[in-house]
Amino acid sequence: LLYKLELTFLEPPVTLERLEEALREDYHILHYLGHGVFNPRRGQAALYLQDEAGHTQVVLDESLVYTVARQDTRPQLIFLAACQSAARLTADAFLGLAPKFIEVGVPAVVAMQDYVSLESARKLTGTFYHRLVRHGQVDKAINEARSTLVSAGRPDAAVPVLLTRLRSGSVWQGEADARGTVLGDKPHIFWSGLISNIKRGRCTPIIGPRARGRWLPNPAEIARGLAIEHRYPFADKDDPSGVTRYMASSLGEDFPRYELLEVLIEAFKERLPEGLKPNNDYKTLTELVQAVNWRDLTANDPNEIHRVLAHLDLPLYLTTNYDNFMTEALIAQGKKPTREICRWNQDLDWLPSRFDDDPNYEPSTEEPLVYHLFGNDTEIDSLVLTENNHMDFVVNVVSELERIHPYIRAALTNTSLMFLGYSLEDWGFRVIMRGLVAPLQRRRRLKHVGVQLEPGNVREEDMTAVHEFLKAYFQDDNINVFLGTVQQFVAELREHWEGEQ
């Protein structure tokens, strides 16, 4: 059975190093038996690993996902016989361990939504693999395995769950390597057109908060933490603009800015591999990232988002994030980037600009520009954070166009925009589309690219309606939609880009 399935079976004692070693053995299936836990307050999962000496280590989901994501090949199926390994919050489809494995490209994950007994796990496992080896259909196999638990009267029969992005359900077919779906009937034209625009320098990435991958929490995670800490009284605890507005009204405009930057520093430290954790304290996230060394951090992950973007040799990278990830990724590729902040309010008029210092300056592939539309962590007054900040940003840049340099405005009007790491609900996405792109007169009708998260709570039979909604939503803005995670999109972008080199 093990030979036919090409399966590696892990049970205690298991260290993180042993897990990585097993992944390098290139088995089709990784099966883990052990303890798991999910913290709903933090929206964070963990496994309890143990070494041969009996020492227990709580390994957070980010470290586990990083270990899987940085491998050249990934298992076609991960089976987590661990309590709460599929638990998540309804507000975010990609919180929890199993969903995050799906997000980084694992085709299918069997995991547990709640506590599961050892006896049920054994019965489930035996039937599941017996059926899987017979027909290869992972969805059918898990349903048959759950049926045995129901027939046996097991109280936890509903706990096992399958998360998958396989439409056929087969873990042996080429579909297991699928990344996402291009809405429309000409996906080959989508990719060829995008690669052509990139080669000509006619593509401008716009990097959003969900493109920070495993290094920083997403906006909803940050908002929940701040909402709990500051006793936010309203229901929209996943909305960062609402939570920070409440904090600003109570404690002053700058308070949520300082709080957020501290959260980002601590979250980044927590997610660092043990060998790269710094011994010193740093005042800004920028200083911390520089101390870690981006090349070392991403050395084993060819699909790290900023690393892939740096390889595209583009002259301009726009971002609404406050971090210096894109700048450091470009430096790691031997580039000499300039990092600038949009002077969106009069308190920022004093900030230096290379455009002012050198009237002949124009970004190039060797000396690209990383332009922070919503500020960065080195200048506290530059952060666009609350609802009021977003509205002020739109009012200021529309009424005073010179606040955004003509070179940036030209890129917004004359290049294909590639949105990475946004959702429909993000204030940043709406501000860019309605506040920046829409008012500008476009001279060239180039298709933009919108990368949207796969809806987590949509039934398979409703996916057609979801596709049609997204196409209609973006139609007036001339946007192609890639339905999938930003990680899936970047992995496929890298494959197409390298295939053209």
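Before reading further, recall that the structure is shown in the block above.
Rules of the game
Residues numbered from 1 in each chain as written. Predicted model: local features only at pLDDT ≥ 70, side-chain atom pairs only at ≥ 80, totals over all residues. Heavy atoms only, no water. Helix = DSSP H or I, 4+ residues; strand = E, 2+ residues; numbered from the N terminus. Buried < 20%, exposed > 50% of the residue type's maximum accessible area, 1.4 Å probe, protein only. Salt bridge = Lys/Arg side-chain N within 4 Å of Asp/Glu carboxyl O. Core = buried A, V, L, I, M, F, W, Y, C linked by side-chain atoms within 4.5 Å. Axes fitted to C-alpha atoms, helices over the stretch in contact; angles between N-to-C directions. Parallel < 35°, antiparallel > 145°, perpendicular 65-115°, else oblique. Contact = heavy atoms within 4.5 Å. Nonpolar A, V, L, I, M, F, W, Y, C, P; charged D, E, K, R; others polar. Pairing = 2+ DSSP bridges. Phe/Tyr/Trp six-rings, centres within 6.5 Å; stacked < 30°, edge-to-face > 60°. Lys NZ or Arg CZ within 6 Å of the ring centre and 35° of its normal. Left-handed = near helix turned anticlockwise from the far one by under 90°. Polar contact = N/O pair within 3.5 Å; in protein donor to acceptor, adjacent residues only side chain to side chain.

A. Seen up close, unusual backbone geometry. Of note in the backbone geometry, Q84 takes a positive phi value of approximately 60° without being a glycine. With respect to the helices and strands, Q84 occurs in the loop between β6 (77–81) and α4 (97–103). Looking at Q84, the relative accessible area reads 12%, which means it is buried. A positive phi is found at R231, a non-glycine position, where the angle reads about 55°.

B. Expanded view of the pattern of salt bridges. Following the criterion strictly, the structure yields 17 salt bridges and no others. Of the charged contacts, one joins R339 and D377 as a salt bridge, the two residues approaching to 3.4 Å between their closest N and O atoms. One end of the pair, R339, is in strand β12 (residues 338–341); the other, D377, is in the loop between β13 (369–372) and α16 (387–399), and 38 residues separate them in sequence. The salt bridge partner of E400 is R403, with a shortest N-O separation of 3.6 Å.

C. Structural view of the nonpolar core. Counting 92 residues, the largest nonpolar core has F268, M418, F489 and L493 as its most contacted members. L30, F38, V106 and L163 belong to the second-largest nonpolar core, a separate cluster that totals 26 residues.

D. Representation of the packing of helix α10 (residues 255–271) against helix α11 (residues 285–292) within the structure. Interaxial distance between α10 and α11 falls to 9 Å at its minimum, and their mutual angle equals 20°. By the angle between their axes, α10 is roughly parallel relative to α11. Contacts between α10 and α11 involve L264, I265, F268 and K269 from the first element and L285, L288, V289 and V292 from the second. Its residues placed into classes, the contact of α10 with α11 shows seven nonpolar, no polar and one charged.

E. The arrangement of the pairing of strand β2 (residues 29–33) in detail. Where burial is concerned, most of β2 is hidden: four out of the five residues are buried. When β2 meets β6, the two strands line up parallel, connected through five bridges. Bridge pairing in β6 links Y32 to L80.

F. Representation of the sheet that holds strand β3 (residues 35–39). Taken together, three strands build an open sheet; the order of strands is β3-β4-β5 and the sheet is antiparallel. Two strands close off the open sheet at either side, each with one partner strand: β3 and β5 (56–60). When strand polarity is set aside, the average angle formed by the axes of neighbouring strands in this sheet is 25°. Sheet topology places β3 next to strand β4 (residues 44–50); five bridges connect them, and they run antiparallel. Bridge pairing links N39 to Q44 in β4. Against the sheet, helix α3 (residues 61–69) makes contact with β4 and β5, and its axis sits at roughly 75° relative to β5, the strand it touches most.

G. Inspection of the packing of aromatic side chains at higher detail. Tallying each qualifying case throughout the model produces 21 aromatic pairs. Note on W191 and F482: the rings are 6.1 Å apart at their centroids and 75° apart in plane angle, and the pair reads as edge-to-face. Here W191, found in helix α7 (residues 187–199), pairs with F482, found in strand β16 (residues 479–483); they are 291 residues apart in sequence, far enough to count as distant. As far as burial versus exposure is concerned, W191 and F482 are alike and both buried. Over the ring of W427 we find R430, and its NZ or CZ is 5.2 Å from the ring centre.

H. Quick peek at the packing of helix α8 (residues 219–229) against helix α9 (residues 240–251). Remark: α8 packs on α9, axes separated minimally by 9 Å, with the N-to-C direction vectors making an angle of 30°. Judged by the angle between their axes, α8 and α9 are roughly parallel. Once α8 is placed against α9, the crossing between them reads as left-handed. Across from P219, A223, L226 and A227 in α8, the residues of α9 making contact are P240, V243 and M247. Its residues assigned to classes, the contact of α8 with α9 shows seven nonpolar, no polar and no charged.

I. Inspection of helix α14 (residues 325–332) at higher detail. Here α14 lies mainly inside the structure; seven of its eight residues are buried. Buried residues of α14: F325, M326, T327, E328, A329, L330 and A332, and no others. Just downstream of α14, G334 is the residue with a positive phi angle, here 85°.

J. Up close: α8. In terms of residue burial, α8 counts as a mostly covered element, since eight of its 11 residues are buried. Listing the buried residues of α8 in full gives P219, A220, E221, I222, A223, R224, L226 and A227. Contact partners of the buried residues in α8: α4, α9 and α10. With a side-chain oxygen lying 3.0 Å from the backbone nitrogen of A220, the N-terminal cap of α8 falls on N218. R231 lies just past α8 and shows a positive phi near 55°.

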